[in-house]
Amino acid sequence: MKHNRQLPPAPVSGAWKITDPHACRRFANVGDLRLENDSILPAITLAYETWGELNEDRSNAILIEHALTGDAHVIGEAEPGQPTAGWWSQVVGPDLAIDTNRYFVVAINVLGGCQGSTGPASIAQDGAPYGSRFPVISTRDQVRAEARLADLLGIERWNTVVGASLGGHRAIEWATMYPGRVERLVMVASGAQTTAEQAAWAHTQIRAVQLDPHWNGGDYYDDAVGPVAGLALARQIAHTTYRCPNELDERFGRLPQNAEDPLTGGRLAVESYLDYHGEKLVRRFDAGSYVALCRTMISHNVGRERGGLRSALRKVTAKTLCIAVDSDRLFFPAQVKRMADLIPNASYALIHSAHGHDGFLIEFDQVNELLADFLDSGARQNLSYWAS
């Protein structure tokens, strides 16, 4: 197996720094924000990228919301200052489902993230990193900040808001908080409220980071070593939920990693696979951001203070497409289907994949077909799709 490659030593934090190349990022200061918990987060910066051109009547803007460890770099190559290539470049671009010849596409690095938007690694007004002083934020706080950026861009109403995985949390909040600003909504492998099991997964990942001896309460940015072991472990926990049992068995089974012997302390190939993914993440992500964003997942619930889930979703006016992955064991299809059933004028579609939750990042033919049909024709009741 191939997951024993040596990587360079991990940085204290993989967060983008103001001294790094900007790459394709643009930046907007959206001001101070009073958070749901009544604290104030001052002088918020949001990093974002755009593709295509906004038309004269500003009716062709699409917002794409990224997942937990994603960022605003939806399209393009890795380059100095941008550690990863575009995560949906086979779905977004010229002549693809989300056609940048036709639409003005915007992607925002989430508030609390670490690729240019204000988060725990950002420099606070006193010149030091926020660290432990970064407040607890919610999905609604993130969407309020994004609404200010939309205002600055002159976008009164999104043609479509598309959210995948944790990004779907922000997408459904957009449609619930600002129904008049969202014409169409696409939810991909996501949910309207976090289940107890999803909260349990998020909790264990937070604890993995916090139990790292280098966590230092979140104030590690000026230390020689950061909580990279805890962050790598959190990623391993998460990655297990992103794939499915059959795939892991078929790919790895009981195979050892090369000549390693589990009876003498060696690893199975699947252990090496998880180690490799954990080691990769710590080079491009920040432990403080990981904790902050996992907390937003735990508190996510569009029904909170809105009369419950059914009442909140009934107020969504956007034409909606809810897409599930049949092998997903993080956002089970039944959860996605129930959300679709509660949203007026919503359709439900099912992607067939052997890869679990990550199927939305792998099954590009199916994703493209569903999105192209929805964007061309609008949502249709009782839509379903199975791969042949």
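Everything quoted here is computed from the prediction, not taken from an experiment. (Residues numbered from 1 in each chain as written. Predicted model: local features only at pLDDT ≥ 70, side-chain atom pairs only at ≥ 80, totals over all residues. Heavy atoms only, no water.)

How would you explain the overall build of the protein if you had to name every residue and give the values?
Looking only at helices and strands, the protein has 10 helices and eight strands in total. A compact globule built from 388 residues would reach a C-alpha radius of gyration of about 21 Å, and the protein, at 20 Å, matches this within 12%. By principal-axis analysis of the C-alpha atoms, the protein measures approximately 60 × 55 × 40 Å. When the 388 residues of the protein are sorted by exposure, 57% land in the buried category. The long-range fraction of contacts in the protein, counting pairs at least 24 apart against all pairs at least 6 apart in sequence, stands at 73%. (Helix = DSSP H or I, 4+ residues; strand = E, 2+ residues; numbered from the N terminus. Rg over C-alpha atoms; globule rule 2.2 N^0.38 Å. Buried < 20%, exposed > 50% of the residue type's maximum accessible area, 1.4 Å probe, protein only. Contact = heavy atoms within 4.5 Å.)

Which residues make up the pairing of strand β1 (residues 26-34), and what values go with them?
As paired elements, β1 and strand β2 (residues 40-51) share seven bridges and run antiparallel to each other. For G31, the partnering residue across the bridge sits in β2 and is I44. Where β1 folds back on β2, the antiparallel hairpin that results is connected by five residues, among which D38 adopts a positive phi of roughly 75 degrees. (Pairing = 2+ DSSP bridges.)

Outline the UniProt feature "active site" (unreviewed entry) in the protein, listing residues and values.
Summarizing the sequence annotation, UniProt attributes the feature "active site" (unreviewed entry) to S165, D328 and H357 in the numbering used throughout. In three dimensions, the annotated residues from a span of 193 residues occupy one location, with a maximal C-alpha spread of 10.8 Å. Inspection of the secondary structure puts D328 in the loop between β7 (319-325) and α9 (333-342). With sequence-adjacent residues up to four places away left out, D328 is seen in contact with A189, P333, G356 and H357. You can see H357 is positioned in the loop between β8 (346-351) and α10 (364-377). A residue is classified by how much of its surface remains accessible, and H357, at 1% relative accessible area, is buried. Residues within four places of H357 in sequence aside, it is in contact with S165, A189, T241, Y242, V325, D328, L330 and F331. A distance of 2.8 Å separates the side chain of H357 from the side chain of D328, its partner in a polar contact. (UniProt positions renumbered as here; feature names shortened; annotations may be inferred. Polar contact = N/O pair within 3.5 Å; in protein donor to acceptor, adjacent residues only side chain to side chain.)

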